Every structure is written in structure tokens, then in C-alpha cells.
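Tertiary structure, described
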Amino acid sequence: MTRVPNALPFWLSLCLPPLAVFAMVQGGWTIALLPLATWFLFTLLDALAGLNTDNPDPATPEAQLTLHRLVTLVWFPVQFALLCLMLWYVPQAEHLGTAERFWLFFGMGVVSGTIGINYSHELMHQKSRLERWLADLLLASVLYSHFRSEHLRVHHLHVGTPRDPVTARYNEGFHRFLPRVLVSCPQSAWKAEVAMLARKGLPWHDLSNPFWRYAVLQTGFLVLALILGGWAGLGLFLVQAFTAIWQLELVNYIEHYGLTRRHLGNGKYEHVLPRHSWNAEHKASNWLLINLQRHSDHHYKPDRRFPVLQTYPADEAPQLPFGYPLMTMAAMVPPLWKRLMNRRVKAWRKQHYPDITDWHPYNKALNPVA
């Protein structure tokens, strides 16, 4: 065990909002700064900084994690202020053309997806009411509130099985994965919440159904965009929201691609193990993504704070060849992705499930569910 890593590198995300302000004031080539920083700069930093295989003590007291937690707590006010400023300023800025406005909000979506949704993921797993509300506000700002229900009620229970929409199937390209999850995830999230209400003897329309809260918050953000930026602002807000959703689903796609749990018969599956998530030990992208790439341990203990997430040796948990920023770019080119990953999935299957000879039901999500 090693000591908890320094909190300061995890605050690098706070460098992105000033870049956004600089880009909207300057225009021109600077509109590319946000995507360049999140995708390419951190890929370069990964190459320079190398890997981090240290495991901090998971029993570290919360008092020693205050500075780590704080970055996730302050992010919503920062992102909200930036979004409001852009909605007010960009539609009326005479020095910005239509294409520049579009790409500025594309860049904003990269930030609210890469950082905002990722931080909401950390927050929604905690017991604190404040943290869960911050998660809801971050998700509402990209019109993807149902992600909380889908992630907590569906994904963590059924990952690696046909009941989990966001477990990417072997040989399924991202361009097929994305429309599938955009349709199936809201449905599975709704069904999970309705089923939970039914177990309590409550109807679907009971006010405790979080979908009421999701609807109010998302409507609030749409109205705010319209007030601040007019119809143009509303359109640009939607660009930002879709870009953030696209970023999230790219990450969902790579996290479990081709990794399926053994079907035990009668719709039952083996327990989730470290081998059912792709991991990356790349230091810089783990700073940016607050250790999201230590994904196996997150599934083992979902409420474990990000600074003390553990990493596993390659024989226990499969490792990606590069960090998430570069791997998500590769996922946008299906032939390249399959060239990188299909052989790794085949090697993983041979290592962990040498007795399974017919993978067709796993590849097509045809195994029965209970």
C-alpha cells in the first residue's frame, strides 16, 4: 500500500474553463482548444508521465480526502457559470461566425461530458445528499438525467449480461452501439425505477419517482438557455448536450467492450469480477478522469472514493493499450478499434473461459435473463 496521491493533479480540470473563455473572446483557431486539451494534450501527457500502478490504502480516513473531494464539489458551480456566460455571450458576439459558435459549444460539450458527467458519476455513488443533488444538476445540464437511474439500478447490477444496454457487444461498432443505447437506456432506467416503486407498493406516478425531478431540472435548463441566448442559445445548448452525451457513451462503449459474464443457466450469471472491466493505468488521463480508468475496482466497491480506487495486475483485470482519451478517438473509427481490441477480447476469453466454445449467444446478447 502507498499513501494517497497528491490532490493537486486532479484539479487540472479547472484549467479548462479559462480556455473556453479565451476561445469565445478570441474566436478563430482558438475554438479548437478544448478538444485539443482534453483529447490530445492528455494523450501526450500519458506518454510522458507513464503508468501509475500504486495502490493507496482503501481505509484512508475521509478527512484525508477533503481536497480530492472538493474538486468534485466545486465543479458544478464552475461549469454552470461557464455555460451561462457562453449562452449569453456567444449568440450575440459579432466577431463569431455560425461555425465558430457551433464549435465553441461542441467544445463546451466535450468539457461537460468529459468532466461534468464523469464527476456526476463519482457524486451519484456517494451517500451525501448534497453530492447526489450535484450529480443530478450536472446530468440535467446535458439533458441526460436518466443516466443516474440507469447506472445505479441497471448497469451495476447487470453489467456483462444481456440486461445491461451499455455493455458493448463483441464486434459491435460504436456507430451501432450509440443509437442502441440512446433508445434502450431511458427505457431500462424507467422500468427499473417503476419496478422499485412497485416493490414498495407505489404507482409509477408517485412523486418519489426520480423521473419527476429529472423532468423539472431538465426543463429548467432548457428555459434558462432560451432566456439567456434566445432561440440561437437554445440550439447551441442542445449542441453542447448532445456532445456531452456522445462523450459519455464513448466511454461506456470502451469500458466493457466484449467482456461478458459466464451464463450459469436459468438466466443466472457469475458474480462481477475484476476481469469484467477494461482498465488503464495511465497517469495523466486518470488525473483528468479522477481514476475512472480504475474501473474494475469501481465495480467491486462503487461508493469507494476515487483517490483510493485500486488497480489490478493484468492477469486479473484486462488493460487497455492506451488511456481513455486516445481509446475513445479510436472507437470512432470501427476498423481501427476492432484491429486494436478484438484480438485482446479473444485472448481474454482464452485466458478466463477456455471451456466456452460457442460465443455467439454472448456476442449477440442472446443468453436468457432471469
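Heads up: these notes are all about the structure in this document. Note that this is a predicted model, so its numbers are computed, not measured.

**Some words on the pattern of salt bridges**
- Inspection of the entire model under this criterion finds 12 salt bridges.
- Across the pair Asp136 and Arg213 runs a salt bridge whose closest N-O atoms are separated by 2.9 Å. Taken as a pair, Asp136 in helix 5 (residues 129–140) and Arg213 in helix 8 (residues 210–255) lie far apart in primary sequence, 77 residues in all.
- Arg213 gets classed as partly exposed once you look at its relative accessible area, which sits at 25%.
- A salt bridge links Asp297 to Arg304; its shortest N-O distance comes to 2.8 Å.
- A network of salt bridges, in which partner residues are shared, links Glu62, Arg69, Glu131 and Arg305.

**Digging into helix 2 (residues 33–49)**
- The largest bend in helix 2 comes to about 30°, at Leu41.
- Among the residues making up helix 2, those that are buried are Leu33, Leu34, Pro35, Ala37, Thr38, Trp39, Phe42, Thr43 and Asp46.
- Buried-residue contacts for helix 2 involve helix 1 (16–26), helix 4 (98–124), helix 8, helix 9 (283–288) and helix 11 (324–331).
- Directly beyond the C-terminal end of helix 2, a positive phi value near 80° is found at Gly50.

**Topic: empty space enclosed by the protein**
- Applying the stated rule across the entire model yields four cavities of 30 Å³ or more.
- The calculated volume of the largest cavity comes to roughly 260 Å³.
- Forming the walls of the largest cavity are 21 residues, and the residues nearest its centre are Thr114, Gln247, Val251, Leu289 and Leu292.
- Counting only elements with at least two residues in the lining of the largest cavity, the list comes to helix 2, helix 4, helix 6 (146–158), helix 8 and helix 11.
- Here the second largest cavity is characterised by a volume of approximately 120 Å³.
- As for the second largest cavity, its lining consists of 16 residues, and the residues nearest its centre are Thr161, Pro162, Thr260, Tyr362 and Ala365.
- Class assignment of the residues belonging to the lining of the second largest cavity gives a composition of eight nonpolar, five polar and three charged.

**Some thoughts on the packing of helix 1 against helix 2**
- Two elements in contact, helix 1 and helix 2, have axes separated by 9 Å at closest approach and are oriented at 150°. One element, helix 1, and the other, helix 2, form an angle in the roughly antiparallel class. Contacts from Leu16, Leu19, Ala20 and Phe22 of helix 1 reach helix 2 at Leu33, Leu34, Ala37 and Thr38.
- The class makeup of the residues in the contact of helix 1 with helix 2 is seven nonpolar, one polar and no charged.

What counts and how
Residues numbered from 1 in each chain as written. Predicted model: local features only at pLDDT ≥ 70, side-chain atom pairs only at ≥ 80, totals over all residues. Heavy atoms only, no water. Salt bridge = Lys/Arg side-chain N within 4 Å of Asp/Glu carboxyl O. Helix = DSSP H or I, 4+ residues; strand = E, 2+ residues; numbered from the N terminus. Buried < 20%, exposed > 50% of the residue type's maximum accessible area, 1.4 Å probe, protein only. Bend = angle between axes of the 7 residues up to and from the residue. Contact = heavy atoms within 4.5 Å. 1 Å grid on protein atoms, 1.4 Å probe; cavity = no way out; pocket = protein on both sides within 12 Å on 5 of 7 lines; lining within 4 Å. Points joined across faces, edges and corners; volume = space filled by probe spheres on them. Nonpolar A, V, L, I, M, F, W, Y, C, P; charged D, E, K, R; others polar. Axes fitted to C-alpha atoms, helices over the stretch in contact; angles between N-to-C directions. Parallel < 35°, antiparallel > 145°, perpendicular 65-115°, else oblique.

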